[in-house]
Amino acid sequence: GLWGIETDIFIADLGLLGLDPRTERSLREAIESYRRGVFLAAASQLGAAVEGAWYAAGQRLRSAAPAVDQLVDSDRTAQLQGAVTDALRDSLRDSLPGNRRWEADSLSQFARLMRDIRNYGVHPRHLSDGDIEIYFEEDKCGLLFLEAHRHLKRLEAITADATGPT
């Protein structure tokens, strides 16, 4: 497996996020692409899956955050991620240990990286971005998967804290 990560376990471990079948498929195909050594496809699919996870978080937050509710059914991913970040930061102001509102911003920064990686693969242009291209090599792409899993687990936990029990 991907450094010992089994696909079903990777996805099941994110169960509380409520990923939709398309996002789960993106994760499965991302891991399979990595195993086959197709790292641009793997990273791009992983980026799509991270975006799907943010939409899942938005679904959970929509009743508590009007800005999220307005965007969660749209195709405006960057704006949705911003609204989710704001909703998480605002709702967790007093509940994160040590007023750690920065955690929502940290999640947002990683989501931006993943969106840029996905966009690189989906919208090819003549211009290249060397900073993004490092993630299309085996070692960096593998680390990206590990970081994405940590990111998704943290998004899952903070969203749960913000919305309460499901």
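Small disclaimer: the values here were computed from a predicted structure and weren't measured.

## Re the overall build of the protein
Assigned secondary structure in the protein consists of eight helices and zero strands. Element order for the protein, N to C, with α for helix and β for strand: α-α-α-α-α-α-α-α. Taking the contacts inside the protein whose residues are at least 6 apart along the sequence as the reference set, 65% of them involve residues at least 24 apart. Summed over all atoms, the accessible surface of the protein reaches about 8800 Å², with 48% contributed by carbon and sulfur.

## Points about helix H6 (residues 102-122)
Between its first and last C-alpha, H6 extends 30 Å over 21 residues, near the 30 Å set by a 1.5 Å rise per residue. Of the residues making up H6, those classed as buried are Glu 103, Ala 104, Leu 107, Phe 110, Ala 111, Met 114, Arg 115, Ile 117 and Arg 118. Down the axis of H6, the smallest arc covering the buried residues is 160 degrees, so these residues share one side.

## Examining the side chain of Ser 44
Along the chain, the position of Ser 44 falls in helix H3 (residues 39-61). Since its relative accessible area comes to 10%, Ser 44 is described here as buried. Only 2.9 Å separates the side chain of Ser 44 from the backbone oxygen of Leu 40, close enough to count as a polar contact.

## Details of the packing of aromatic side chains
All chains considered together, the criterion is met by three aromatic pairs. Ring pairing ties together the aromatic residues Tyr 34, Phe 39 and Phe 145, which thus form one cluster.

## Notes on the confidence of the model for the protein
The share of residues in the protein with pLDDT of 70 or more is 87%, and the mean pLDDT across the chain is 87. Ranking the elements of the protein by mean pLDDT puts helix H7 (residues 130-133) last with 82 and H3 first with 96.

What counts and how
Residues numbered from 1 in each chain as written. Predicted model: local features only at pLDDT ≥ 70, side-chain atom pairs only at ≥ 80, totals over all residues. Heavy atoms only, no water. Helix = DSSP H or I, 4+ residues; strand = E, 2+ residues; numbered from the N terminus. Contact = heavy atoms within 4.5 Å. Areas by Shrake-Rupley, 256 points an atom, 1.4 Å probe, with all protein chains shown as cover. Expected span 1.5 Å × (residues − 1). Buried < 20%, exposed > 50% of the residue type's maximum accessible area, 1.4 Å probe, protein only. Arc of directions from axis to C-beta. Polar contact = N/O pair within 3.5 Å; in protein donor to acceptor, adjacent residues only side chain to side chain. Phe/Tyr/Trp six-rings, centres within 6.5 Å; stacked < 30°, edge-to-face > 60°. pLDDT = per-residue confidence, 0-100.

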